[in-house]
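Summary of structural features
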Amino acid sequence: MKRNGLKPTTVTYNILLVGLYRDGRMETAKDLLTEMQTLGQSPDEVTYGTMLDGLSKNGRVDEAVELFKSMEGNGILANIYIYTILIRSSFQASQLEYAKKLFNEIPKNGLAPNVVTYTTVIDGLFRNNILLEANSLIIEMEEKGCLRDSRAHDTIINGFLVANETTKALHFLRKMRERNFAPSDSVICLLVNNLSTDWQKKKSVVFAKPCKC
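What counts and how
- Residues numbered from 1 in each chain as written.
- Predicted model: local features only at pLDDT ≥ 70, side-chain atom pairs only at ≥ 80, totals over all residues.
- Heavy atoms only, no water.
- Salt bridge = Lys/Arg side-chain N within 4 Å of Asp/Glu carboxyl O.
- Helix = DSSP H or I, 4+ residues; strand = E, 2+ residues; numbered from the N terminus.
- Core = buried A, V, L, I, M, F, W, Y, C linked by side-chain atoms within 4.5 Å.
- Buried < 20%, exposed > 50% of the residue type's maximum accessible area, 1.4 Å probe, protein only.
- Contact = heavy atoms within 4.5 Å.
- Axes fitted to C-alpha atoms, helices over the stretch in contact; angles between N-to-C directions.
- Parallel < 35°, antiparallel > 145°, perpendicular 65-115°, else oblique.
- Left-handed = near helix turned anticlockwise from the far one by under 90°.
- Nonpolar A, V, L, I, M, F, W, Y, C, P; charged D, E, K, R; others polar.
- Phe/Tyr/Trp six-rings, centres within 6.5 Å; stacked < 30°, edge-to-face > 60°.

**Examining the pattern of salt bridges**
All told, the structure shown has ten salt bridges when counted by the stated rule. Between Lys100 and Glu133 there is a salt bridge, and its shortest N-O distance comes to 3.2 Å. Of this pair, Lys100 sits in helix 6 (residues 96-108) while Glu133 sits in helix 8 (residues 131-143), and the two are 33 residues apart along the sequence. A salt bridge links Lys101 to Glu105; its shortest N-O distance comes to 2.7 Å.

**Section: the nonpolar core**
Counting residues in each nonpolar core, the largest one holds 57 residues, and the members touching the most others are Leu52, Phe68, Met71, Leu86, Ile87 and Ile157. Residue contributions to this core peak at seven residues, all from helix 5 (residues 80-92). Those residues in contact with Phe68 that sit more than four places away from it in its chain are Leu52, Ala78, Ile82, Tyr83, Leu86, Tyr98 and Leu102.

**So, the packing of helix 3 (residues 45-57) against helix 4 (residues 61-71)**
With their axes 8 Å apart at the nearest point, helix 3 and helix 4 run at an angle of 160° to one another. In terms of axis orientation, helix 3 runs roughly antiparallel to helix 4. Where helix 3 crosses over helix 4, the handedness of that crossing is left-handed. Side by side, helix 3 and helix 4 meet where Tyr48, Met51, Leu52, Leu55 and Ser56 of the first sit next to Val61, Glu63, Ala64, Leu67, Phe68, Ser70 and Met71 of the second. The residue makeup of the contact of helix 3 with helix 4, split by class, is nine nonpolar, two polar and one charged.

**Examining unusual backbone geometry**
A positive phi angle, close to 65°, is found at Ser94, a residue other than glycine. A positive phi angle is found at Asn164, which is not glycine, with a value near 60°. Turning to its location among the elements, Asn164 is positioned in the loop between helix 9 (150-162) and helix 10 (166-178). Of the residues examined, Asn164 reaches a relative accessible area of 60% and is grouped as exposed.

**A few points about the environment of Ala163**
Along the chain, Ala163 falls in the loop between helix 9 and helix 10. Distance in space between the C-alpha atoms of Ala163 and Arg127 is 9.4 Å, their sequence separation being 36 residues.

**Quick word on the packing of aromatic side chains**
Scanning all chains against the criterion turns up four aromatic pairs. A centroid spacing of 5.5 Å and a plane angle of 70° characterise the contact between Phe68 and Tyr83, whose relative ring orientation is edge-to-face. Highlighted residues: Phe68 in helix 4 and Tyr83 in helix 5, separated in sequence by 15 residues. Judged by relative accessible area, Phe68 falls into the buried class, the value being 12%. Taking the centre distance of 5.8 Å and the plane angle of 10° together, the rings of Phe160 and Phe172 count as stacked. Taken as a pair, Phe160 in helix 9 and Phe172 in helix 10 lie far apart in primary sequence, twelve residues in all. Accessibility assignment for this pair places Phe160 and Phe172 in one class, buried. Among the aromatic residues, ring-to-ring pairing joins Phe126, Phe160 and Phe172 into one connected group.

So, in C-alpha coordinates, the structure goes:
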(Lines give C-alpha, C1' and ligand atoms only; values in the text may rest on other atoms or scores of the structure.)
Protein backbone atom coordinates (compact mmCIF):
# COMPACT_ATOMS: atom_id res chain seq x y z
CA MET A 1 0.00 0.00 0.00
CA LYS A 2 2.75 2.44 1.01
CA ARG A 3 4.76 1.51 -2.11
CA ASN A 4 1.86 2.74 -4.24
CA GLY A 5 1.82 6.06 -2.43
CA LEU A 6 -1.27 5.17 -0.44
CA LYS A 7 -1.43 6.08 3.23
CA PRO A 8 -2.91 3.44 5.58
CA THR A 9 -5.84 4.73 7.63
CA THR A 10 -6.58 4.08 11.28
CA VAL A 11 -9.11 1.45 10.17
CA THR A 12 -6.39 -0.34 8.16
CA TYR A 13 -4.04 -0.36 11.14
CA ASN A 14 -6.81 -1.64 13.42
CA ILE A 15 -7.42 -4.62 11.12
CA LEU A 16 -3.69 -5.40 11.00
CA LEU A 17 -3.42 -5.19 14.79
CA VAL A 18 -6.25 -7.72 15.24
CA GLY A 19 -4.33 -10.25 13.14
CA LEU A 20 -1.01 -9.63 14.89
CA TYR A 21 -2.44 -10.01 18.38
CA ARG A 22 -4.37 -13.11 17.32
CA ASP A 23 -1.08 -14.65 16.18
CA GLY A 24 0.70 -13.59 19.37
CA ARG A 25 3.08 -11.23 17.56
CA MET A 26 3.34 -8.71 20.39
CA GLU A 27 6.46 -6.86 19.33
CA THR A 28 5.32 -6.51 15.72
CA ALA A 29 2.03 -5.08 16.97
CA LYS A 30 3.92 -2.58 19.12
CA ASP A 31 6.08 -1.56 16.13
CA LEU A 32 2.96 -1.15 13.99
CA LEU A 33 1.44 1.18 16.57
CA THR A 34 4.60 3.29 16.56
CA GLU A 35 4.53 3.43 12.76
CA MET A 36 0.85 4.38 12.85
CA GLN A 37 1.53 7.35 15.11
CA THR A 38 4.65 8.37 13.16
CA LEU A 39 2.57 8.59 9.99
CA GLY A 40 0.07 10.84 11.73
CA GLN A 41 -2.70 8.30 12.28
CA SER A 42 -4.14 8.64 15.80
CA PRO A 43 -5.31 5.52 17.66
CA ASP A 44 -9.06 5.57 18.30
CA GLU A 45 -11.37 3.63 20.63
CA VAL A 46 -11.23 0.60 18.33
CA THR A 47 -7.42 0.68 18.31
CA TYR A 48 -7.26 0.74 22.10
CA GLY A 49 -9.94 -1.93 22.41
CA THR A 50 -8.02 -4.16 19.99
CA MET A 51 -4.75 -3.62 21.85
CA LEU A 52 -6.27 -4.20 25.28
CA ASP A 53 -7.97 -7.38 24.10
CA GLY A 54 -4.80 -8.60 22.40
CA LEU A 55 -2.55 -7.92 25.38
CA SER A 56 -5.04 -9.52 27.78
CA LYS A 57 -5.47 -12.67 25.70
CA ASN A 58 -1.69 -13.01 25.47
CA GLY A 59 -1.28 -12.82 29.24
CA ARG A 60 0.08 -9.28 29.38
CA VAL A 61 -2.50 -7.89 31.78
CA ASP A 62 -0.13 -5.42 33.47
CA GLU A 63 0.68 -3.89 30.08
CA ALA A 64 -3.03 -3.72 29.31
CA VAL A 65 -3.66 -1.85 32.57
CA GLU A 66 -0.90 0.66 31.81
CA LEU A 67 -2.28 1.18 28.32
CA PHE A 68 -5.75 1.72 29.78
CA LYS A 69 -4.39 4.34 32.17
CA SER A 70 -2.67 6.18 29.29
CA MET A 71 -5.85 6.43 27.21
CA GLU A 72 -7.33 9.49 28.86
CA GLY A 73 -4.06 11.38 28.48
CA ASN A 74 -4.29 10.68 24.76
CA GLY A 75 -7.81 12.08 24.58
CA ILE A 76 -9.58 8.72 24.36
CA LEU A 77 -12.38 7.93 26.81
CA ALA A 78 -13.04 4.29 27.61
CA ASN A 79 -16.32 2.86 26.36
CA ILE A 80 -18.18 -0.07 27.88
CA TYR A 81 -16.46 -2.52 25.52
CA ILE A 82 -13.03 -1.44 26.76
CA TYR A 83 -14.12 -1.63 30.42
CA THR A 84 -15.48 -5.12 29.88
CA ILE A 85 -12.25 -6.33 28.28
CA LEU A 86 -10.14 -5.07 31.16
CA ILE A 87 -12.53 -6.38 33.83
CA ARG A 88 -12.43 -9.84 32.25
CA SER A 89 -8.63 -9.87 32.05
CA SER A 90 -8.33 -8.59 35.64
CA PHE A 91 -10.45 -11.45 36.94
CA GLN A 92 -8.40 -13.92 34.88
CA ALA A 93 -5.21 -12.51 36.39
CA SER A 94 -6.70 -12.87 39.91
CA GLN A 95 -6.79 -9.07 40.30
CA LEU A 96 -10.18 -9.24 41.96
CA GLU A 97 -10.21 -5.85 43.66
CA TYR A 98 -9.09 -4.04 40.53
CA ALA A 99 -11.81 -5.75 38.50
CA LYS A 100 -14.43 -4.62 41.03
CA LYS A 101 -12.96 -1.10 41.07
CA LEU A 102 -13.28 -0.89 37.28
CA PHE A 103 -16.89 -2.06 37.42
CA ASN A 104 -17.74 0.58 40.02
CA GLU A 105 -16.14 3.28 37.83
CA ILE A 106 -18.51 2.59 34.93
CA PRO A 107 -21.56 4.63 36.12
CA LYS A 108 -19.27 7.40 37.40
CA ASN A 109 -18.08 7.88 33.83
CA GLY A 110 -21.60 8.14 32.45
CA LEU A 111 -21.71 4.59 31.12
CA ALA A 112 -24.04 1.67 31.85
CA PRO A 113 -23.01 -1.99 32.07
CA ASN A 114 -24.47 -4.12 29.30
CA VAL A 115 -25.34 -7.81 29.44
CA VAL A 116 -21.76 -8.80 28.53
CA THR A 117 -20.32 -6.64 31.32
CA TYR A 118 -22.71 -8.02 33.92
CA THR A 119 -22.06 -11.59 32.78
CA THR A 120 -18.30 -11.05 32.94
CA VAL A 121 -18.42 -9.71 36.50
CA ILE A 122 -20.91 -12.33 37.71
CA ASP A 123 -18.72 -15.08 36.26
CA GLY A 124 -15.64 -13.61 37.96
CA LEU A 125 -17.42 -13.42 41.31
CA PHE A 126 -18.67 -17.01 41.05
CA ARG A 127 -15.18 -18.23 40.15
CA ASN A 128 -13.87 -16.54 43.29
CA ASN A 129 -16.68 -18.06 45.38
CA ILE A 130 -18.20 -14.65 46.18
CA LEU A 131 -21.79 -15.83 45.93
CA LEU A 132 -23.43 -13.00 47.87
CA GLU A 133 -22.06 -10.32 45.55
CA ALA A 134 -22.82 -12.41 42.48
CA ASN A 135 -26.42 -12.82 43.62
CA SER A 136 -26.73 -9.08 44.34
CA LEU A 137 -25.47 -8.29 40.85
CA ILE A 138 -27.99 -10.70 39.30
CA ILE A 139 -30.76 -8.82 41.13
CA GLU A 140 -29.32 -5.44 40.08
CA MET A 141 -29.19 -6.61 36.48
CA GLU A 142 -32.91 -7.43 36.59
CA GLU A 143 -33.84 -4.20 38.38
CA LYS A 144 -32.05 -2.12 35.74
CA GLY A 145 -33.84 -3.92 32.93
CA CYS A 146 -30.76 -5.56 31.48
CA LEU A 147 -32.16 -8.69 29.85
CA ARG A 148 -30.10 -11.85 30.26
CA ASP A 149 -29.06 -13.59 27.07
CA SER A 150 -28.26 -17.29 26.69
CA ARG A 151 -24.66 -16.90 27.88
CA ALA A 152 -25.73 -14.92 30.96
CA HIS A 153 -28.21 -17.63 31.97
CA ASP A 154 -25.58 -20.31 31.35
CA THR A 155 -23.04 -18.46 33.50
CA ILE A 156 -25.47 -18.00 36.39
CA ILE A 157 -26.70 -21.60 36.34
CA ASN A 158 -23.16 -22.92 36.13
CA GLY A 159 -22.08 -20.70 39.02
CA PHE A 160 -24.83 -21.91 41.33
CA LEU A 161 -24.25 -25.54 40.35
CA VAL A 162 -20.53 -25.32 41.11
CA ALA A 163 -21.48 -23.79 44.47
CA ASN A 164 -23.90 -26.71 45.04
CA GLU A 165 -26.86 -24.32 45.05
CA THR A 166 -28.95 -26.67 42.91
CA THR A 167 -32.32 -25.13 43.83
CA LYS A 168 -31.20 -21.68 42.66
CA ALA A 169 -29.71 -23.20 39.53
CA LEU A 170 -33.04 -24.86 38.71
CA HIS A 171 -34.84 -21.55 39.26
CA PHE A 172 -32.69 -19.85 36.63
CA LEU A 173 -32.97 -22.85 34.34
CA ARG A 174 -36.73 -22.35 34.35
CA LYS A 175 -36.21 -18.66 33.62
CA MET A 176 -33.91 -19.63 30.77
CA ARG A 177 -36.45 -21.99 29.25
CA GLU A 178 -39.12 -19.26 29.48
CA ARG A 179 -36.91 -17.20 27.16
CA ASN A 180 -36.56 -20.21 24.80
CA PHE A 181 -32.84 -20.48 25.50
CA ALA A 182 -31.14 -23.86 25.87
CA PRO A 183 -28.34 -24.54 28.37
CA SER A 184 -24.93 -25.60 27.12
CA ASP A 185 -23.85 -29.24 27.19
CA SER A 186 -21.42 -28.56 30.05
CA VAL A 187 -24.20 -27.04 32.18
CA ILE A 188 -26.54 -29.95 31.45
CA CYS A 189 -23.81 -32.42 32.44
CA LEU A 190 -23.10 -30.52 35.67
CA LEU A 191 -26.81 -30.31 36.48
CA VAL A 192 -27.28 -34.07 36.00
CA ASN A 193 -24.30 -34.76 38.25
CA ASN A 194 -25.61 -32.41 40.95
CA LEU A 195 -29.11 -33.88 40.86
CA SER A 196 -27.68 -37.39 41.00
CA THR A 197 -25.50 -36.48 43.98
CA ASP A 198 -28.43 -34.83 45.77
CA TRP A 199 -30.58 -37.93 45.17
CA GLN A 200 -27.85 -40.23 46.49
CA LYS A 201 -27.54 -38.10 49.63
CA LYS A 202 -31.30 -38.18 50.23
CA LYS A 203 -31.36 -41.93 49.66
CA SER A 204 -28.51 -42.40 52.15
CA VAL A 205 -30.42 -40.41 54.77
CA VAL A 206 -33.56 -42.49 54.25
CA PHE A 207 -31.73 -45.81 54.59
CA ALA A 208 -29.74 -44.53 57.55
CA LYS A 209 -32.92 -43.93 59.61
CA PRO A 210 -33.55 -46.66 62.20
CA CYS A 211 -36.46 -48.99 61.51
CA LYS A 212 -39.37 -48.52 63.94
CA CYS A 213 -41.13 -51.78 63.12
